[in-house]
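Each chain is listed here by its residues.
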Amino acid sequence: MNYRHAFHAGNHADVFKHLTLTRLIALMSRKEQPFAYLDTHAGIGLYDLQGDQASRTGEYLEGIARLWDQPDLPALTADYMKVLHDMNPDGQLRYYPGSPELARRLTRPQDRVMLNEKHPEDGVLLKDNMAGDRRVKVHLGEGWHVPRAMLPVQEKRAVMLIDPPFEQLDEMQRCAAALKEAVGRMRQTVAAIWYPVKDQRMLRRFYQDLAGSGAPKLLRVELLVHPLDTPNSLNGSGLAIANPPWGLEEELRELLPWLSKKLGQTQGGWQMDWLIAES
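Numbering of residues begins from 1 in every chain and follows the order in which that chain's sequence is written. The predicted origin of the model limits local features to residues at a pLDDT of at least 70 and limits the giving and counting of side-chain atom pairs to 80 or more, whereas totals for whole chains, interfaces and linings rest on all residues. Each side-chain value is worked out from all heavy atoms of the structure, with water and hydrogens disregarded.

Visitor: How should helix 1 (residues 12-28) be read in this particular structure?
Guide: Note that an α-helix has 3.6 residues per turn; residues three or four places apart therefore point the same way. What counts as a helix is a DSSP run of H or I of at least four residues, what counts as a strand is a run of E of at least two, and both are numbered from the N terminus. To estimate the expected span of a helix, count its residues, drop one, and scale the result by 1.5 Å. Look at helix 1: 25 Å from first C-alpha to last across 17 residues, which is about the 24 Å you get at 1.5 Å a residue. Classification of residues uses two cut-offs on accessible area relative to the type maximum, computed with a 1.4 Å probe and protein chains only: under 20% is buried, over 50% is exposed, and between them is partly exposed. Burial of helix 1 is extensive: 16 of the 17 residues sit out of reach of the surface. Measuring from the side-chain oxygen of the N-cap residue of helix 1 to the backbone nitrogen of alanine 13 gives 3.2 Å; that N-cap residue is asparagine 11. Distance and chemistry together define a polar contact, namely a pair of N or O atoms within 3.5 Å, with one atom able to donate a hydrogen and the other to accept it when in protein, and with adjacent residues in sequence counting only for side-chain atoms on both sides.

So this is what it looks like as C-alpha coordinates:
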(Lines give C-alpha, C1' and ligand atoms only; values in the text may rest on other atoms or scores of the structure.)
Protein backbone atom coordinates (compact mmCIF):
# COMPACT_ATOMS: atom_id res chain seq x y z
CA MET A 1 0.00 0.00 0.00
CA ASN A 2 3.06 2.31 -0.05
CA TYR A 3 3.44 2.40 -3.84
CA ARG A 4 2.81 5.71 -5.57
CA HIS A 5 3.11 5.68 -9.35
CA ALA A 6 3.55 9.47 -9.39
CA PHE A 7 7.24 8.93 -8.59
CA HIS A 8 7.63 6.99 -11.87
CA ALA A 9 5.10 8.73 -14.13
CA GLY A 10 6.27 9.24 -17.69
CA ASN A 11 9.40 7.08 -17.37
CA HIS A 12 10.63 4.71 -20.09
CA ALA A 13 8.35 1.91 -18.89
CA ASP A 14 5.30 4.19 -18.98
CA VAL A 15 6.09 5.37 -22.50
CA PHE A 16 6.39 1.79 -23.77
CA LYS A 17 3.28 0.59 -21.92
CA HIS A 18 1.09 3.54 -22.82
CA LEU A 19 2.17 3.76 -26.45
CA THR A 20 1.32 0.07 -26.84
CA LEU A 21 -2.02 0.64 -25.09
CA THR A 22 -2.94 3.40 -27.55
CA ARG A 23 -2.28 1.00 -30.42
CA LEU A 24 -4.39 -1.72 -28.79
CA ILE A 25 -7.28 0.73 -28.47
CA ALA A 26 -6.85 1.95 -32.05
CA LEU A 27 -6.83 -1.57 -33.46
CA MET A 28 -9.84 -2.61 -31.38
CA SER A 29 -11.67 0.49 -32.65
CA ARG A 30 -11.45 -0.64 -36.28
CA LYS A 31 -14.63 -2.62 -35.70
CA GLU A 32 -17.82 -0.70 -34.91
CA GLN A 33 -18.81 -3.18 -32.20
CA PRO A 34 -18.21 -1.71 -28.71
CA PHE A 35 -15.67 -3.02 -26.25
CA ALA A 36 -15.01 -2.59 -22.54
CA TYR A 37 -11.68 -1.40 -21.17
CA LEU A 38 -10.74 -2.80 -17.76
CA ASP A 39 -7.83 -1.59 -15.61
CA THR A 40 -7.00 -3.70 -12.54
CA HIS A 41 -4.49 -1.35 -10.85
CA ALA A 42 -5.48 2.00 -12.31
CA GLY A 43 -3.63 4.55 -10.16
CA ILE A 44 -4.91 8.13 -10.14
CA GLY A 45 -5.16 8.59 -13.91
CA LEU A 46 -3.40 11.96 -14.23
CA TYR A 47 0.07 13.03 -13.11
CA ASP A 48 1.80 16.38 -12.62
CA LEU A 49 5.42 15.95 -13.71
CA GLN A 50 6.33 19.16 -11.90
CA GLY A 51 4.68 17.97 -8.68
CA ASP A 52 6.63 16.91 -5.62
CA GLN A 53 6.72 13.18 -6.32
CA ALA A 54 7.58 13.17 -10.05
CA SER A 55 10.08 16.01 -9.75
CA ARG A 56 11.80 14.28 -6.84
CA THR A 57 12.87 11.34 -9.03
CA GLY A 58 12.87 13.01 -12.45
CA GLU A 59 12.32 9.65 -14.14
CA TYR A 60 10.22 11.27 -16.86
CA LEU A 61 13.36 13.04 -18.11
CA GLU A 62 14.61 9.65 -19.37
CA GLY A 63 11.16 8.82 -20.72
CA ILE A 64 8.50 11.07 -22.23
CA ALA A 65 10.77 14.14 -22.13
CA ARG A 66 12.99 12.47 -24.75
CA LEU A 67 10.04 12.30 -27.16
CA TRP A 68 8.32 15.59 -26.37
CA ASP A 69 10.13 17.92 -28.77
CA GLN A 70 11.19 15.30 -31.31
CA PRO A 71 10.50 16.16 -34.96
CA ASP A 72 9.30 13.53 -37.40
CA LEU A 73 7.78 11.15 -34.86
CA PRO A 74 6.53 7.84 -36.29
CA ALA A 75 2.89 7.98 -37.40
CA LEU A 76 2.05 5.21 -34.93
CA THR A 77 2.77 7.60 -32.03
CA ALA A 78 0.12 10.10 -33.20
CA ASP A 79 -2.71 9.08 -30.83
CA TYR A 80 -0.39 9.01 -27.82
CA MET A 81 1.25 12.32 -28.56
CA LYS A 82 -2.07 14.03 -29.36
CA VAL A 83 -3.36 13.23 -25.87
CA LEU A 84 -0.16 14.64 -24.39
CA HIS A 85 -0.33 17.83 -26.44
CA ASP A 86 -4.05 18.27 -25.67
CA MET A 87 -3.17 18.04 -21.96
CA ASN A 88 -0.29 20.52 -22.34
CA PRO A 89 -1.65 23.13 -24.77
CA ASP A 90 0.99 25.71 -23.86
CA GLY A 91 3.69 23.47 -25.32
CA GLN A 92 5.39 22.87 -21.96
CA LEU A 93 5.50 19.25 -20.77
CA ARG A 94 3.86 19.14 -17.35
CA TYR A 95 0.84 16.82 -17.24
CA TYR A 96 1.06 13.13 -18.08
CA PRO A 97 -1.84 10.70 -18.65
CA GLY A 98 -2.00 7.39 -16.85
CA SER A 99 -3.68 4.45 -18.56
CA PRO A 100 -7.17 5.48 -17.31
CA GLU A 101 -6.91 8.90 -18.95
CA LEU A 102 -5.58 7.46 -22.20
CA ALA A 103 -8.44 4.96 -22.27
CA ARG A 104 -11.01 7.65 -21.43
CA ARG A 105 -9.81 9.94 -24.19
CA LEU A 106 -9.22 7.32 -26.90
CA THR A 107 -12.22 5.01 -26.52
CA ARG A 108 -15.43 5.83 -28.36
CA PRO A 109 -18.93 6.82 -27.17
CA GLN A 110 -20.12 3.21 -27.46
CA ASP A 111 -17.24 1.83 -25.35
CA ARG A 112 -17.09 1.51 -21.55
CA VAL A 113 -14.15 2.19 -19.22
CA MET A 114 -14.04 0.20 -15.97
CA LEU A 115 -11.28 1.20 -13.56
CA ASN A 116 -10.18 -0.37 -10.29
CA GLU A 117 -7.83 1.02 -7.66
CA LYS A 118 -7.08 -0.50 -4.25
CA HIS A 119 -5.30 2.40 -2.54
CA PRO A 120 -8.05 4.44 -0.81
CA GLU A 121 -6.48 7.87 -1.32
CA ASP A 122 -5.56 7.15 -4.94
CA GLY A 123 -9.05 5.79 -5.53
CA VAL A 124 -10.60 9.11 -4.45
CA LEU A 125 -8.22 11.02 -6.73
CA LEU A 126 -9.05 8.65 -9.59
CA LYS A 127 -12.78 9.27 -9.11
CA ASP A 128 -12.19 13.02 -9.10
CA ASN A 129 -10.06 12.85 -12.24
CA MET A 130 -12.59 10.71 -14.11
CA ALA A 131 -15.66 12.70 -12.98
CA GLY A 132 -17.92 13.95 -15.73
CA ASP A 133 -17.55 11.04 -18.16
CA ARG A 134 -20.58 8.79 -17.79
CA ARG A 135 -18.85 5.94 -19.67
CA VAL A 136 -16.27 5.62 -16.87
CA LYS A 137 -16.91 3.64 -13.69
CA VAL A 138 -14.38 3.56 -10.84
CA HIS A 139 -14.29 0.68 -8.38
CA LEU A 140 -12.32 0.68 -5.12
CA GLY A 141 -11.10 -2.79 -4.31
CA GLU A 142 -8.56 -5.54 -4.79
CA GLY A 143 -7.24 -5.54 -8.35
CA TRP A 144 -6.78 -9.31 -8.43
CA HIS A 145 -10.54 -9.74 -8.12
CA VAL A 146 -11.28 -7.82 -11.34
CA PRO A 147 -11.35 -10.81 -13.76
CA ARG A 148 -13.82 -12.66 -11.55
CA ALA A 149 -15.91 -9.58 -10.76
CA MET A 150 -16.13 -7.98 -14.20
CA LEU A 151 -15.76 -10.71 -16.83
CA PRO A 152 -17.46 -11.58 -19.07
CA VAL A 153 -18.67 -8.18 -20.22
CA GLN A 154 -21.88 -7.46 -22.10
CA GLU A 155 -19.98 -5.96 -25.04
CA LYS A 156 -18.48 -9.38 -25.94
CA ARG A 157 -15.10 -7.66 -26.45
CA ALA A 158 -12.73 -6.55 -23.71
CA VAL A 159 -9.27 -5.04 -23.27
CA MET A 160 -7.84 -5.57 -19.79
CA LEU A 161 -4.61 -4.01 -18.46
CA ILE A 162 -3.01 -5.80 -15.51
CA ASP A 163 -0.37 -3.44 -14.11
CA PRO A 164 0.38 -4.09 -10.41
CA PRO A 165 3.13 -2.27 -8.48
CA PHE A 166 5.23 -5.46 -8.05
CA GLU A 167 5.91 -4.71 -4.39
CA GLN A 168 5.17 -8.30 -3.32
CA LEU A 169 7.20 -11.34 -4.35
CA ASP A 170 4.12 -13.26 -5.50
CA GLU A 171 2.77 -10.66 -7.90
CA MET A 172 4.14 -12.31 -11.03
CA GLN A 173 2.36 -15.53 -10.08
CA ARG A 174 -0.79 -13.54 -9.38
CA CYS A 175 -0.55 -11.91 -12.82
CA ALA A 176 -0.43 -15.34 -14.45
CA ALA A 177 -3.35 -16.52 -12.31
CA ALA A 178 -5.36 -13.42 -13.25
CA LEU A 179 -4.70 -14.08 -16.94
CA LYS A 180 -5.78 -17.70 -16.55
CA GLU A 181 -9.00 -16.62 -14.85
CA ALA A 182 -9.66 -13.89 -17.44
CA VAL A 183 -9.40 -16.20 -20.46
CA GLY A 184 -11.30 -18.87 -18.56
CA ARG A 185 -14.22 -16.51 -18.04
CA MET A 186 -14.03 -14.76 -21.43
CA ARG A 187 -11.68 -16.49 -23.83
CA GLN A 188 -11.43 -13.63 -26.32
CA THR A 189 -10.26 -11.06 -23.73
CA VAL A 190 -7.32 -8.98 -24.94
CA ALA A 191 -5.27 -8.95 -21.73
CA ALA A 192 -2.01 -7.01 -21.41
CA ILE A 193 0.22 -7.65 -18.41
CA TRP A 194 2.97 -5.12 -17.71
CA TYR A 195 6.03 -6.43 -15.84
CA PRO A 196 9.53 -5.22 -14.88
CA VAL A 197 12.60 -6.78 -16.48
CA LYS A 198 14.99 -7.23 -13.55
CA ASP A 199 15.45 -10.67 -12.00
CA GLN A 200 16.01 -13.23 -14.78
CA ARG A 201 15.37 -16.20 -12.49
CA MET A 202 11.96 -14.87 -11.48
CA LEU A 203 11.20 -14.00 -15.09
CA ARG A 204 11.87 -17.56 -16.29
CA ARG A 205 9.31 -18.87 -13.80
CA PHE A 206 6.91 -16.12 -14.84
CA TYR A 207 7.19 -17.03 -18.52
CA GLN A 208 6.46 -20.68 -17.65
CA ASP A 209 3.37 -19.67 -15.67
CA LEU A 210 2.14 -17.47 -18.52
CA ALA A 211 2.70 -20.25 -21.05
CA GLY A 212 0.47 -22.46 -18.90
CA SER A 213 -2.33 -19.89 -18.62
CA GLY A 214 -4.49 -21.44 -21.32
CA ALA A 215 -4.61 -18.25 -23.40
CA PRO A 216 -5.37 -18.93 -27.09
CA LYS A 217 -2.23 -16.95 -28.04
CA LEU A 218 0.21 -14.84 -26.05
CA LEU A 219 2.72 -12.30 -27.38
CA ARG A 220 5.77 -11.33 -25.28
CA VAL A 221 7.26 -7.88 -25.96
CA GLU A 222 10.15 -6.29 -24.04
CA LEU A 223 11.85 -2.90 -24.28
CA LEU A 224 15.32 -2.67 -22.72
CA VAL A 225 17.21 0.43 -21.60
CA HIS A 226 20.15 -1.43 -20.00
CA PRO A 227 21.77 -4.82 -20.71
CA LEU A 228 19.82 -7.72 -19.19
CA ASP A 229 22.62 -8.55 -16.77
CA THR A 230 22.87 -5.07 -15.21
CA PRO A 231 22.50 -5.67 -11.44
CA ASN A 232 20.10 -3.77 -9.15
CA SER A 233 18.49 -1.92 -12.02
CA LEU A 234 15.21 -1.75 -13.89
CA ASN A 235 16.76 -2.95 -17.13
CA GLY A 236 13.53 -2.59 -19.06
CA SER A 237 9.93 -3.67 -19.02
CA GLY A 238 7.68 -6.10 -20.80
CA LEU A 239 4.12 -6.66 -21.91
CA ALA A 240 2.58 -10.10 -22.21
CA ILE A 241 -0.45 -9.64 -24.46
CA ALA A 242 -3.08 -12.33 -24.78
CA ASN A 243 -5.16 -12.31 -27.98
CA PRO A 244 -3.43 -9.27 -29.50
CA PRO A 245 -5.55 -7.77 -32.29
CA TRP A 246 -4.44 -8.41 -35.84
CA GLY A 247 -1.79 -5.90 -36.87
CA LEU A 248 -0.27 -5.24 -33.44
CA GLU A 249 2.77 -7.45 -33.94
CA GLU A 250 3.62 -5.69 -37.20
CA GLU A 251 3.14 -2.25 -35.64
CA LEU A 252 5.41 -3.10 -32.72
CA ARG A 253 8.10 -4.40 -35.09
CA GLU A 254 8.04 -0.96 -36.65
CA LEU A 255 7.95 1.01 -33.38
CA LEU A 256 10.32 -0.87 -31.10
CA PRO A 257 13.64 -0.26 -32.93
CA TRP A 258 12.92 3.47 -32.91
CA LEU A 259 11.68 3.46 -29.31
CA SER A 260 14.68 1.50 -28.03
CA LYS A 261 17.02 3.97 -29.70
CA LYS A 262 15.21 6.96 -28.18
CA LEU A 263 14.83 5.54 -24.66
CA GLY A 264 17.99 3.44 -24.28
CA GLN A 265 20.20 4.57 -21.41
CA THR A 266 23.39 2.50 -21.20
CA GLN A 267 22.15 0.23 -23.99
CA GLY A 268 18.78 0.11 -25.70
CA GLY A 269 17.24 -3.03 -27.13
CA TRP A 270 14.04 -4.94 -27.67
CA GLN A 271 12.74 -8.45 -28.18
CA MET A 272 9.42 -9.98 -29.17
CA ASP A 273 8.18 -13.54 -29.56
CA TRP A 274 5.17 -15.76 -28.92
CA LEU A 275 4.93 -17.49 -25.55
CA ILE A 276 1.82 -19.21 -26.89
CA ALA A 277 1.57 -19.44 -30.67
CA GLU A 278 -1.86 -19.55 -32.24
CA SER A 279 -2.82 -23.15 -32.88
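Visitor: Where do I start with the sheet that holds strand 10 (residues 269-276) in this structure?
Guide: Across a sheet, paired strands are connected by hydrogen bonds in the backbone, their directions being either parallel or antiparallel. When DSSP finds at least two bridges between two strands, those strands are taken to pair. Overall, mixed pairing links the 8 strands, which are arranged 5-4-1-6-7-9-8-10 in an open sheet. Pairing within the sheet leaves two strands with one partner each, and these edge strands are strand 5 (136-140) and strand 10. On average, adjacent strands in this sheet sit at an angle of 15° to one another, irrespective of strand direction. Relative to strand 5, strand 4 (residues 112-117) runs parallel, the two being bridged by 5 bridges. Counted as the bridge partner of leucine 115 is valine 138 from strand 5. Only heavy atoms matter for contacts: two residues are in contact if any of them lie within 4.5 Å across the pair. Under this scheme, a helix contributes an axis fitted over its contacting stretch, all axes are lines through C-alpha atoms, and angles between N-to-C directions fall in the 0 to 180 degree range. Contacts from helix 5 (residues 99-106) reach strand 1 (36-39), strand 4, strand 5 and strand 6 (158-162), with the element oriented near 170° to strand 1.

Visitor: Even after reading the chapter, I still don't get the pairing of strand 9 (residues 236-242), so can you show me in this structure?
Guide: Remark: a regular strand shows side chains that alternate across the two faces of the sheet. Where burial is concerned, most of strand 9 is hidden: 7 out of the 7 residues are buried. Taking every second residue as pointing to the same face, both faces of strand 9 are buried, with Gly236, Gly238, Ala240 and Ala242 on one and Ser237, Leu239 and Ile241 on the other. Both strand 8 (residues 218-224) and strand 9 contribute to a ladder of 7 bridges, which runs antiparallel. Bridge assignment links leucine 218 to a residue of strand 9, and that residue is alanine 242.

Visitor: Help me understand the UniProt feature "active site" (unreviewed entry) in the protein, please; the structure alone is not making it clear to me.
Guide: Mapped onto the present numbering, the UniProt feature "active site" (unreviewed entry) falls at Asp163. Residue classification places aspartate 163 among the buried positions, given a relative accessible area of 13%. Setting aside residues no more than four positions away along its own chain, aspartate 163 makes contact with Lys17, Thr40, His41 and Trp194. In terms of polar contacts, aspartate 163 uses its side chain to reach the side chain of lysine 17, at 2.7 Å. UniProt positions are given in the numbering used here, feature names are shortened, and annotations may be inferred rather than shown by experiment.

Visitor: Can you walk me through the packing of aromatic side chains in this structure?
Guide: For any pair of aromatic rings, the description consists of the separation of the ring centres together with the inter-plane angle of the planes. Stacked, tilted and edge-to-face are the three classes assigned to paired rings of Phe, Tyr and Trp, where Trp is represented by its six-membered ring and a pair needs centres within 6.5 Å; plane angles under 30 degrees give stacked, over 60 edge-to-face, the rest tilted. In the structure shown here, the tally under the stated rule is 4 aromatic pairs. Between phenylalanine 206 and tyrosine 207, the aromatic rings sit 6.4 Å apart at their centres with planes inclined by 35°, giving tilted as the arrangement. What makes phenylalanine 206 buried here is its relative accessible area of 1%. Among the aromatic side chains, those forming a connected cluster through ring pairs are Tyr195, Phe206 and Tyr207. Cation over ring: lysine 17 sits above tryptophan 194, and NZ or CZ is 5.3 Å from the ring centre. By definition, being over a ring means that NZ of Lys or CZ of Arg is both within 6 Å of the ring centre and within 35 degrees of the ring normal. The ring of tyrosine 207 has arginine 220 lying over it, and the distance from NZ or CZ to the ring centre is 4.2 Å.

Visitor: Mind showing me how you'd approach the pairing of strand 8 here?
Guide: For strand 8, the buried fraction is high: 7 of the 7 residues fall into the buried class. Neither face of strand 8 is open: one carries Leu218, Arg220, Glu222 and Leu224, the other Leu219, Val221 and Leu223, and all of them are buried. Bridging between strand 8 and strand 10 involves 7 bridges; their strand directions are antiparallel. Opposite arginine 220, over in strand 10, you have aspartate 273 as the bridge partner.

Visitor: What's the story with the packing of helix 1 against helix 10 (residues 248-263) in this structure? I'm lost.
Guide: In a pair of packed helices, the angle between the axes and the distance between the axes together describe the arrangement. Running from N to C, helix 1 and helix 10 point in directions that differ by 160°, and their axes come no closer than 11 Å. Comparing their axes, helix 10 and helix 1 come out roughly antiparallel. Helix-helix and strand crossings are classified by hand; for helix 1 and helix 10 the assignment is right-handed. On helix 10, the residues that touch His12, Val15, Phe16, Leu19, Thr20, Arg23, Leu24 and Leu27 of helix 1 are Leu248, Glu251, Leu252, Leu255, Leu256, Leu259 and Leu263. By definition in this entry, angles of less than 35 degrees are roughly parallel, angles greater than 145 are roughly antiparallel, angles of 65 to 115 are roughly perpendicular, and the rest are oblique. When the near helix sits turned anticlockwise from the far one by under a right angle, the crossing is termed left-handed; a clockwise turn instead gives a right-handed crossing.

Visitor: It is not clear to me how the environment of leucine 228 should be interpreted in this structure. Could you clarify?
Guide: Within the secondary structure layout, leucine 228 lies in the loop between strand 8 and strand 9. Sequence-wise, leucine 228 and methionine 28 are 200 residues apart; in three dimensions their C-alpha atoms are separated by 32 Å. Leaving out residues up to four positions away in the same chain, leucine 228 has contacts with Val197, Gln200 and Asn235.

Visitor: Any chance you could explain the nonpolar core here in plain terms?
Guide: Generally speaking, a soluble globular protein has its nonpolar side chains buried in company with each other. Nine residue types can take part in a nonpolar core, namely buried Ala, Val, Leu, Ile, Met, Phe, Trp, Tyr and Cys, and a core is a set of them joined through side-chain atoms within 4.5 Å. Of all hydrophobic cores here, the largest spans 92 residues; its most connected members are Leu38 and Ile64. Top contributing element to this core by residue count: helix 1, with 9 residues. The residues contacting leucine 38, other than those within four sequence positions of it, are Met114, Val146, Met150, Leu151, Val153, Ala158, Val159, Met160 and Leu161.

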